[in-house]
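Coordinates in review
Here are the chains, one letter per residue:
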Amino acid sequence: PRSASSSSPASAASNPADPNATKQPFVIGVSGGTASGKTTVCDMIIQQLHDHRVVLVNQDSFYRGLTPEESERVHEYNFDHPDAFDTEQLLECVQKLKCGQSVQVPIYDFKIHRRSSDTFRQVNASDVIILEGILVFHDQRVRNLMNMKIFVDTDADVRLARRIRRDTVERGRDINSVLEMYAKFVKPAFDDFVHPSKKYADVIIPRGGDNHVAIDLIVQHIQTKLGQHDLCKIYPNMYVIQSTFQI
Ligand code: UZR
Ligand code: MG
């Protein structure tokens, strides 16, 4: 198995001097606890990268639909555990997108905990692919497809407050069931799976979408990387001296 620290996969595109280098999409993973502001951070990155084609793939889309038996006992179902996702399907989708193929992403309904059986969302390959979700850093194979990993780090009280609002207003739940689920599954899974995956992040953003400086720096970095890709195509024999910087 590949080492956990080798985050960027070896590819023709990673060698600027390779005349056969093809332009591979830049894959960004965005993780963080529930209601940390992942979606907001992604939206801001997409907005600022307006001159590039960017697609967003949400890990939520890959929730396994519940069986009728599981649906009857939905309060005992752990949606925050890695097994709740079809990771093989997610992996296949990101692999295809990375190779320039378009994919059909399932559509998941949070109210009935099931996938729409006949409709999919077609996602086309792009310059940048953003993969967002609470557990996108959990599987090493998925991590290895990412060129950049961002962890959105927001205090637990702020996240719980947002989660209560979102689940009651947007997902039709009552406050008691939200709190019960949080204590029983959401918080333990954050401690067991989400928080430990923070160590894989290249960049940690405190305060989520409120942190404009961090988002500006990230966007600048992505633009530099995309510019290097373009240079490789125009001047295949040119070496680009890469510098690394950390936030
Ligand atoms: P984000 N989730 C649901 O509430 N219902 C579902 O059918 C599927 C998932 C929740 C899940 C997790 N937990 O905490 C959250 N529960 O969606 C992840 N309970 O989504 O990253 O947007 O917070
Ligand atoms: Mg979200």
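Our structure's up above, just so we're on the same page.
1. Looking at the overall build of the chain
In terms of regular secondary structure, the chain is built from 7 helices and 7 strands. Looking at the chain as a whole, 47% of its 247 residues qualify as buried. Considering only residue pairs separated by 6 or more positions, the chain has 76% of its internal contacts joining residues 24 or more positions apart. If you sum the accessible surface of the chain, you get close to 13,000 Å²; carbon and sulfur atoms cover 51% of it.

2. Comments concerning the site of ligand 1
Surrounding ligand 1, one finds 17 residues, the nearest of these being Thr34, Asp80, Tyr108, His113 and Arg166. Ala35 places a polar main-chain atom, nitrogen or oxygen, 3.4 Å from an oxygen atom of ligand 1. Residue Arg166 places a side-chain N or O atom 2.6 Å away from an oxygen atom belonging to ligand 1. Counting only elements with at least two residues in the shell around ligand 1, the list comes to α5 (156-169) and α6 (175-194). Considering only residue class, the shell around ligand 1 consists of 8 nonpolar, 2 polar and 7 charged.

3. As for the sheet that holds strand β2 (residues 54-58)
Strand order in the open sheet formed by 5 strands is β2-β5-β1-β6-β7, with parallel pairing between adjacent strands. Strands at the two margins of the open sheet, each flanked by one partner only, are β2 and β7 (203-206). For this sheet the average axis-to-axis angle between neighbouring strands, irrespective of direction, equals 20 degrees. Here strand β1 (residues 26-32) pairs with strand β6 (residues 148-153) via 5 bridges, running parallel. Across the sheet, Gly29 pairs through a bridge with Lys149, a residue of β6. Its contacts with the sheet place helix α1 (residues 38-48) against β1, β2, β5 (128-132), β6 and β7, and it is angled at close to 170 degrees to β5.

4. Some remarks on the nonpolar core
Buried together is how nonpolar side chains tend to be arranged in soluble globular proteins. Grouped together as the largest cluster of nonpolar side chains are 35 residues, with contacts concentrated most on Val57, Tyr63, Phe79, Val123, Leu131 and Met146. At the level of elements, β2, α3 (87-98), β3 (103-109), β5 and α6 are the ones that each hand at least two residues to this core.

5. Digging into the pairing of β5
Working note: regular strand, side chains alternate between the two faces of the sheet. Burial within β5 is extensive, with 5 of its 5 residues counted as buried. Here β2 pairs with β5 via 5 bridges, running parallel. Bridging from a neighbouring strand, Asn58 pairs with Glu132 of β5.

6. Looking at the packing of aromatic side chains
Going through the model one piece at a time under the given rule, you end up with 6 aromatic pairs. For the ring pair Tyr63 and Phe85, a centre distance of 4.3 Å and an interplane angle of 25 degrees mean the geometry is stacked. Highlighted residues: Tyr63 in the loop between β2 and α2 (68-72) and Phe85 in the loop between α2 and α3, separated in sequence by 22 residues. Classification of Tyr63 by relative accessible area gives buried; the value is 6%. Classification of Phe85 by relative accessible area gives buried; the value is 2%. Members of the aromatic cluster, connected to one another through ring pairs, are Tyr63, Tyr77, Phe79, Phe85, Tyr108 and Phe110. Sitting above the plane of the Tyr200 ring, Arg143 keeps its charged end 3.5 Å from the centroid.

7. Considerations on the environment of Phe26
You can see Phe26 is positioned in strand β1. The exposure class of Phe26 is buried, given its relative accessible area of 4%. In this structure the C-alpha to C-alpha distance between Phe26 and Leu226, which are 200 residues apart in sequence, comes to 7.5 Å. Not counting the four nearest positions on each side in its chain, Phe26 is found in contact with Asp127, Val128, Ile129, Asn147, Met148, Ile222, Lys225 and Leu226.

Criteria and thresholds
- Residues numbered from 1 in each chain as written.
- Chains lettered and ligands numbered in written order.
- Predicted model: local features only at pLDDT ≥ 70, side-chain atom pairs only at ≥ 80, totals over all residues.
- Heavy atoms only, no water.
- Helix = DSSP H or I, 4+ residues; strand = E, 2+ residues; numbered from the N terminus.
- Buried < 20%, exposed > 50% of the residue type's maximum accessible area, 1.4 Å probe, protein only.
- Contact = heavy atoms within 4.5 Å.
- Areas by Shrake-Rupley, 256 points an atom, 1.4 Å probe, with all protein chains shown as cover.
- Near = heavy atom within 4 Å.
- Polar contact = N/O pair within 3.5 Å; in protein donor to acceptor, adjacent residues only side chain to side chain.
- Nonpolar A, V, L, I, M, F, W, Y, C, P; charged D, E, K, R; others polar.
- Pairing = 2+ DSSP bridges.
- Axes fitted to C-alpha atoms, helices over the stretch in contact; angles between N-to-C directions.
- Core = buried A, V, L, I, M, F, W, Y, C linked by side-chain atoms within 4.5 Å.
- Phe/Tyr/Trp six-rings, centres within 6.5 Å; stacked < 30°, edge-to-face > 60°.
- Lys NZ or Arg CZ within 6 Å of the ring centre and 35° of its normal.

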